[in-house]
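Spelled out from the first residue to the last, the chains are:
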Amino acid sequence: MELPRVVVVGPRVAEKIGSTLQDLELGNKGIILSGPIVKELLQWSVLPSLADSGFKSSWELVGTSSFAEVERVAALAREQKADFLVGAGGGRSIDIAKLASFECKIPFVSVPTSASHDGISSPFGSVKGLDRPYSIVAKPPIAIIADTLFISKAPQKLLVSGCGDLISKKTAVKDWELSHERTGEYFGRYSANLALLSANMIMEDAEMISSITSEGISVVVEALISSGVAAGIAGSSRPCSGSEHLFSHAMDIVAPGKGLHGEKCGMGTIMMSKLHGLDYKEIRQTLQTIGSPVRAGEIGATSDDVIKALVLARSIRKERYTILEEAKLSEESARKLAADVGVI
Ligand SMILES: [Zn+2]
């Protein structure tokens, strides 16, 4: 199991990145990766802080998280003899830093500027392939520096999406347990409970999170970090990703560009919890309280998109046993499921 060595969450922690990284003996040269907006916001505080602590760093703008972009950054890191990479942003830059650093066998630091999914702390990176997105096993960040001041300035929609990704651990863990029973797959109780804890915190604090207080933001950020750590402990994304994620991935294919990852996972959780016999009404109500979409129309998707994705979901990751293997949804039963729980 590999875990982050330093996790700091709070306002203005990005300004102290230099002193935070100093104790980690990462070496001297770091490359910070981000998009243009994050660079504009962060470079004024991050670069001087790194310089004050004796780091030689440079900033590199990155594009979409594609295999080509990961290769380009890895080549750059080798050429500049970088000792570590820093991924600063919502997800894309963190994914690129995660995968390029893994390829170069150097550590990476995660500086999330939004709290939209658990990739900010997990060992898994996703890149766009030609036909579909791929999830790749790499290493978790050596340090996570989550500046809640920046995160609070990100669009509320992103935080809400993070909550959907967290609530999805409810069905992900159920699917993992089911697979353990049916196929004998390894089941880690500790990591499963850690992932569930993250989901339960969001359920309990839904009201507070919806009012976007700094306390609420910290709850979401810490839950996302714990959830990524749960995946690190399990050594797989199992505690964090089950049938509801398969639905979300299927929606990426059926209705590309409609809805955020966590929003689709949230809707998937409502439907999969019905299949698992969980209290789907409570899950639906929590998502509504937080302001996360519960109906296809809210993300601009149609009933047909949802039905197609439900039928397709089972074949997305054949090796992953979930409730979808047992439900064997047809177009007709998928329509009934989605309509019963109010997603369509
Ligand atoms: Zn997710």
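The coordinates are above.
Basis of the calculations
- Residues numbered from 1 in each chain as written.
- Predicted model: local features only at pLDDT ≥ 70, side-chain atom pairs only at ≥ 80, totals over all residues.
- Heavy atoms only, no water.
- Axes fitted to C-alpha atoms, helices over the stretch in contact; angles between N-to-C directions.
- Helix = DSSP H or I, 4+ residues; strand = E, 2+ residues; numbered from the N terminus.
- Parallel < 35°, antiparallel > 145°, perpendicular 65-115°, else oblique.
- Left-handed = near helix turned anticlockwise from the far one by under 90°.
- Contact = heavy atoms within 4.5 Å.
- Donors = N, O, S within 2.8 Å, 3.2 Å for Na, K, Ca; no water.
- Buried < 20%, exposed > 50% of the residue type's maximum accessible area, 1.4 Å probe, protein only.
- Pairing = 2+ DSSP bridges.

(A) Just the packing of helix α6 (residues 156–167) against helix α13 (residues 280–290), in detail. Where α6 contacts α13, the axes come no closer than 10 Å and their chain directions differ by 165°. As far as their axial angle goes, α13 and α6 are roughly antiparallel. Crossing angle aside, the handedness with which α6 passes α13 is right-handed. Of the residues in α13, those touching α6 at V160, C163, G164 and I167 are I283, T286, L287 and I290.

(B) Structural detail: the coordination of the zinc ion. The zinc ion binds to the protein through D165 (OD), H245 (NE2) and H261 (NE2); the donor distances cover 2.1 to 2.2 Å. The sequence pattern describing where the donors of the zinc ion fall on their chain is D-x79-H-x15-H. Of this pair, D165 sits in helix α6 while H245 is found in helix α11 (residues 243–254), placing the two residues 80 residues apart along the sequence. For the pair D165 and H245, a shared accessibility class is recorded, and that class is buried.

(C) Quick look at the sheet that holds strand β1 (residues 6–10). Taking strand neighbours across the sheet as the criterion, the six strands line up as β1-β8-β5-β4-β2-β3 in an open arrangement whose pairing is parallel. The open sheet terminates on both sides in strands that have one partner only, identified here as β1 and β3 (56–61). Geometrically, the sheet is characterised by an average inter-axis angle of 15° between neighbouring strands, direction not taken into account. Judged from the four bridges that link them, strand β2 (residues 29–34) and strand β4 (residues 84–89) form a sheet pairing that is parallel. Of the residues in β4, the one forming a bridge with I31 is L85. Strands β2, β3, β4 and β5 (108–112) of the sheet are contacted by helix α2 (residues 36–52), whose axis makes an angle of about 180° with β3. Helix-sheet contacts for helix α3 (residues 67–79) involve β2, β3 and β4, and the interaxial angle to β3 is about 160°.

Coordinates in, geometry out; function isn't part of it.
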